[in-house]
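Coordinates in review
One letter stands for each residue in the lines below.
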Amino acid sequence: MSCFICVTCGVQFAPGDAEPDHCPVCEDGRQYVGWDGQRWTTLEAMRRDHANRLEELEPGLTGIGTEPSFAIGQRALLVQTPEGNVLWDCITLLDEATVAAVRRLGGIVAIAISHPHYYSSMVEWSREFGAPIHLHEADRRWVMRPDPAVRFFSGDELALPGGLRLLRLGGHFPGATVLHWPAGAGGRGALLSGDTIQVVFDRRWVSFMYSFPNLVPLPAHVVERMVRRVADLRFDRIYGAWWGRVVDRDGEETVRRSARRYLAALDFEGDELEL
Ligand SMILES: [Zn+2]
Ligand SMILES: [Zn+2]
């Protein structure tokens, strides 16, 4: 029995004797099946030609990403708090070197994942560190490897150790979340946003999408609701889902300004596009 991993989205499936028939995560309109067709790997195979890099991004925050880049290429974030470490988002590769490095940082007491594209091999991480996995119940159908460690929450907020708040914004997925870290950015607050709120290449801006690879936007009322749900949070910095995708300061205003730009574009405001 092996737990096969989809090469395109990096999600690990429940144990089986043979490769799964298909990957529902990639067949969904928010993702895509790889151009060479559906392909599978395993953790054992990945450990032969991939490794993880850990990097402290600021005091109390460490990024963990795989090299060479695998599947969607996100990096996880380990938030250290006085009540234990929380792993925000997850990556597929877990190996001995990573386990040792994370243990040196104090291990993991809870895992929270923004949305199904990053469910990756969350069960492996959970078992290794004895940490529960917190997911929103609206995305229950996207769990490809069910496990008793997965705890679905309902409603719009879940309190996590160390004063962290897991907030459901919806948008990219009905259960899409962000993590608020009040102690981040030197006490000015940080928002760990996955791609629920996407830090774009011009890092003075963020965006909101139903599908990023397929460039499908979200309707105005959904974006307005997402922005309302972070309106009472204090945060200066925003950590997106990839290395370097960080809004360094003015996070709150960046979200508001970016939403205004987005809504204006949906309404074709202004004459810049007229022919
Ligand atoms: Zn997939
Ligand atoms: Zn995604």
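Above: the structure in question.
Quick summary incoming for the structure in this document. From a predicted model like this one, the values you see are computed outputs, not experimental measurements.

Turning our attention to the overall build of the chain. Of regular secondary structure, the chain possesses six helices and 19 strands. Relative to a compact globule of 275 residues, whose C-alpha radius of gyration would be 19 Å, the chain shows 18 Å and is just as compact. Considering only C-alpha atoms, the chain reaches an extent of 60 × 45 × 35 Å along its principal axes. Relative to its 275 residues, the chain shows a buried fraction of 57%. Nonlocal contacts in the chain, meaning residues at least 24 apart in sequence, comprise 55% of its contacts between residues at least 6 apart.

For the rest of this paragraph, the subject is helix 5 (residues 220–229). Within the sequence span of helix 5, burial applies to V222, V223, M226 and V227. End-on, the buried residues of helix 5 take up no more than an arc of 135°, which puts them together on one face. Among the exposed residues of helix 5, those pointing more than 90 degrees away from its buried face are H221 and R228. Contacts made by the buried residues of helix 5 are with helix 6 (251–266).

Coordination of the zinc ion (ligand 2) by the protein involves H115 (NE2), H117 (ND1) and H172 (NE2), with metal-donor separations of 2.1 to 2.2 Å. The exposure class of H117 is buried, given its relative accessible area of 3%. Classification of H172 as buried rests on a relative accessible area of 1%.

This paragraph deals with the pattern of salt bridges. Evaluation of the coordinates by the stated rule reveals 17 salt bridges. A salt bridge links E128 to R103; the shortest N-O distance between them is 2.8 Å. On the criterion of sequence distance, the pair formed by E128 in helix 4 (residues 122–129) and R103 in helix 3 (residues 96–104) is long-range, its members being 25 residues apart. Take E128: its relative accessible area is 35%, and that puts it in the partly exposed class. Note that R145 is salt-bridged to E124, the shortest N-O span being 2.9 Å. Residue R145 is found in the loop between strand 8 (133–136) and strand 9 (150–153), and its partner E124 is found in helix 4; the two are separated by 21 residues along the sequence. Under the relative-accessibility criterion, R145 is labelled buried at 9%. Several salt bridges share partner residues, and in doing so they unite R53, E55 and E67 into one network.

Okay, the packing of aromatic side chains next. Overall, the coordinates contain four aromatic pairs when judged by the stated rule. Summarising the aromatic geometry, the rings of F13 and W40 are spaced 5.1 Å apart at their centres and angled 90° between planes, so their arrangement reads as edge-to-face. Highlighted residues: F13 in the loop between strand 1 (5–6) and helix 1 (24–27) and W40 in strand 2 (residues 40–41), separated in sequence by 27 residues. Judged by relative accessible area, which is 7%, F13 ranks as buried. For W40, a relative accessible area of 13% corresponds to the buried category.

On to empty space enclosed by the protein, then. Summed over the entire model, instances satisfying the criterion amount to one cavity of 30 Å³ or more. In this structure, the largest cavity occupies an estimated 50 Å³ of space. For the lining of the largest cavity, the per-class residue count stands at seven nonpolar, three polar and one charged.

Take the sheet that holds strand 12 (residues 177–181) next. In space, the six strands of this open sheet follow the order 10-11-12-13-18-19, with mixed pairing throughout. Bordering the open sheet on either side are strand 10 (157–159) and strand 19 (246–247), each of which pairs with just one other strand. Alignment of strand 10 against strand 11 (residues 165–168), held across three bridges, turns out to be antiparallel. Of the residues in strand 11, the one forming a bridge with L158 is L166.

The rules behind these values
Residues numbered from 1 in each chain as written. Chains lettered and ligands numbered in written order. Predicted model: local features only at pLDDT ≥ 70, side-chain atom pairs only at ≥ 80, totals over all residues. Heavy atoms only, no water. Helix = DSSP H or I, 4+ residues; strand = E, 2+ residues; numbered from the N terminus. Rg over C-alpha atoms; globule rule 2.2 N^0.38 Å. Buried < 20%, exposed > 50% of the residue type's maximum accessible area, 1.4 Å probe, protein only. Contact = heavy atoms within 4.5 Å. Arc of directions from axis to C-beta. Donors = N, O, S within 2.8 Å, 3.2 Å for Na, K, Ca; no water. Salt bridge = Lys/Arg side-chain N within 4 Å of Asp/Glu carboxyl O. Phe/Tyr/Trp six-rings, centres within 6.5 Å; stacked < 30°, edge-to-face > 60°. 1 Å grid on protein atoms, 1.4 Å probe; cavity = no way out; pocket = protein on both sides within 12 Å on 5 of 7 lines; lining within 4 Å. Points joined across faces, edges and corners; volume = space filled by probe spheres on them. Nonpolar A, V, L, I, M, F, W, Y, C, P; charged D, E, K, R; others polar. Pairing = 2+ DSSP bridges.

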